[in-house]
Amino acid sequence: MPSDDLRPALPRIAVCGISLEASTFSPALTTATMLSPRRGREVLDAWDFWRESGSLADRAEWIGILQARNIAGGAIPADDYALLKAEILADLVATVAEGPLDGLVLDIHGAASVVGLDDMEGDLAVAVRTVVGPDCLLSSGMDLHGNVSRTLAETVDLLTTYRTAPHVDWQETKERAARNLVDRLALPPGRRRPAKAWVPVPILLPGEMTSTRQEPAASLYARVPEIEALDGVLDAGIWIGYPWADEPRNRAVVMVVGDDADLAMAEATGLARELWARREEFGFVAPTGSLEEVLTSAIASPARPYVISDSGDNPTAGGAGDVTWTLTELLASEALAASGKRAIYASIPDGVGALAAAEAGVGADVRLTLGARVDARTAPPVQVAGRVVAVVPSEDNLEVVVRTPAVDVVLTRRRRPYHLERDFTRLGLDPRTADIVVVKIGYLEPELFDLAADWMLALTPGGVDQDLARLGHRRIQRPMFPLDDVSSVDPTAGAVLFPGDTGA
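Note that the coordinates shown come from a computational prediction; the quantities given were computed from them, not determined experimentally.

This brings us to the overall build of the chain. Helix and strand content of the chain: 14 helices and 21 strands. Taking 2.2 N^0.38 as the reference for a compact globule, 504 residues should give roughly 23 Å; the C-alpha atoms of the chain span a radius of gyration of 24 Å, in line with that estimate. Judged by the C-alpha coordinates and their principal axes, the chain covers about 75 × 55 × 45 Å. Counting every position in the chain, which comprises 504 residues, the buried fraction comes to 59%. When the 47 positive and 72 negative side-chain charges of the chain are each reduced to one mean point, those points stand 2 Å apart.

The following block contains the structure:
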């Protein structure tokens, strides 16, 4: 048996990143504090696979640097990004001084934006590469709604992405990124860096039109593991991109990574052409309409609960969360009041209002002015008069339910999504027996989807408006489907092959 001294040293792998999905069409900002940075051991504890006794724990010496993450929101102020970036780089410098790094996991989403800067992820990757050196392998597992600029594709050695939307495979993807990295580091130097085929495709569509629950995304994404299984291919992915930011990188991208450079390019361009050929087939995941049309359908339907997606201010896509337009319309709806049906509305964030209602207490009648403190472009603050029926404080939030004649309004101190049944039941609300449930969301997350007897997606205004033409992109590369005439476009004209070690 070899002694411990003769065993090969474990590779040293650092973990860092900034993960955010950010709408540049929202006036909201996401500060460094809101990104809740984790440092050191906390970075590793966020994922099971490299925790102690995790599936990859003994494959490397894992070193947590800094990882910052928040639900989608507005762009990061330049000074806040500079602070986070500087700390990441300083800690990496100190880590490299102790010994060279073999690898680095760049934990990013792919759709972060920084005020005054295009391509945050590319900028961070280049800065990290400068510190860790050319021999260190970089790997990243990203959201398929992220963007892969040429800079990011060239700088990061191993890129992979989710293959489902809704993202039931997000943890699997993060583990795959780490596993691919340790597997490549087990190869001899000079054979570790694979070829990368990068194919930008001029398509810009919201996730609500590209869900893998339905065609054509279902069969397009089913092609990804088939390509991955080919001899000479390590990984493949379709990044459908992020439509609610106005930057030159915002578009779809197909990538194939592997040791057979020619095969990687052939498969990437082939899949990109398949995506392009089926672009007209993409459609919304549910029937859509104006809020008036959707509410009329919900009132008339015997289905219970009838779920309405208030999509334009979806906080998990980048909406400010406090747009009052839909809530104002609900409270003023004579049709809803006359129907005898009740609605749950989740939610409206307003710290001042939540604290005032909580102080008044359960059973108190309150009159509150709520919302539009961040995004008042489509509607002013809304007047809500009703009885407080629940006050639920938590470590990082405060949730209150105010019962009005026809609507139970969920009011929060901080913006948050409502995706799970327990999000409602912990507030004393039963979404299964409710007549109508209105949620700030796009496509329904799995629990809501299973819970809904029927549902529609309301095309409401906000920072993540599903009607992209209303947003007015000015800086994306044109022509772009579906905003322009693309009849003469070659979808693979921008394809680039980065040869890696196999082509060196």
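Let us keep going from here.
Two numbers describe how helix 2 (residues 78–98) lies on helix 3 (residues 120–132): the axes approach to 9 Å, and their chain directions differ by 25°. In terms of orientation, helix 2 and helix 3 fall into the roughly parallel class. The two elements helix 2 and helix 3 meet at a crossing, and its hand is right-handed. Taking contact as the criterion, the partners of Tyr 81, Lys 85, Ile 88, Leu 89, Leu 92, Val 93 and Val 96 in helix 2 are, on helix 3, Met 120, Asp 123, Leu 124, Ala 127, Val 128, Val 131 and Val 132. The residue inventory of the contact of helix 2 with helix 3, partitioned by class, reads 12 nonpolar, no polar and 2 charged.

Below, the discussion takes up the sheet that holds strand 7 (residues 137–142). Read from one edge to the other, the open sheet built from 6 strands follows the order 3-4-1-6-7-8, with strand pairing classed as mixed. Edge positions in the sheet fall to strand 3 (38–39) and strand 8 (158–161), since each has one partner strand and no second. With 4 bridges connecting them, strand 7 and strand 8 associate as parallel partners. Directly across from Gly 141, in strand 8, lies its bridge partner Thr 160.

This next bit is on the nonpolar core. If you look at the biggest cluster of nonpolar residues, it comprises 54 residues, and the most contacted ones within it are Val 201, Val 254, Leu 275 and Phe 424. With 7 residues, helix 7 (residues 261–277) is the single largest residue contributor to this core. Discounting chain neighbours no more than four positions away, the residues touching Val 201 are Arg 251, Ala 252, Val 254, Ala 272, Leu 275, Trp 276 and Pro 491. Counting residues in hydrophobic clusters, the runner-up holds 43 residues, among them Ile 63, Met 120, Val 128 and Trp 239.

Our next topic: the environment of Gly 103. Relative to the assigned elements, Gly 103 resides in strand 6 (residues 103–106). Taking the C-alpha atoms as reference, Gly 103 lies 9.6 Å from Arg 184; in sequence the two are 81 residues apart. Setting aside residues up to four positions removed in sequence, Gly 103 forms contacts with Arg 12, Ile 13, Ala 14, Cys 136, Leu 137, Leu 181 and Leu 185.

The rules behind these values
Residues numbered from 1 in each chain as written. Predicted model: local features only at pLDDT ≥ 70, side-chain atom pairs only at ≥ 80, totals over all residues. Heavy atoms only, no water. Helix = DSSP H or I, 4+ residues; strand = E, 2+ residues; numbered from the N terminus. Rg over C-alpha atoms; globule rule 2.2 N^0.38 Å. Buried < 20%, exposed > 50% of the residue type's maximum accessible area, 1.4 Å probe, protein only. Lys, Arg positive; Asp, Glu negative; His and termini not counted. Charge placed at Lys NZ, Arg CZ, Asp CG, Glu CD. Axes fitted to C-alpha atoms, helices over the stretch in contact; angles between N-to-C directions. Parallel < 35°, antiparallel > 145°, perpendicular 65-115°, else oblique. Left-handed = near helix turned anticlockwise from the far one by under 90°. Contact = heavy atoms within 4.5 Å. Nonpolar A, V, L, I, M, F, W, Y, C, P; charged D, E, K, R; others polar. Pairing = 2+ DSSP bridges. Core = buried A, V, L, I, M, F, W, Y, C linked by side-chain atoms within 4.5 Å.

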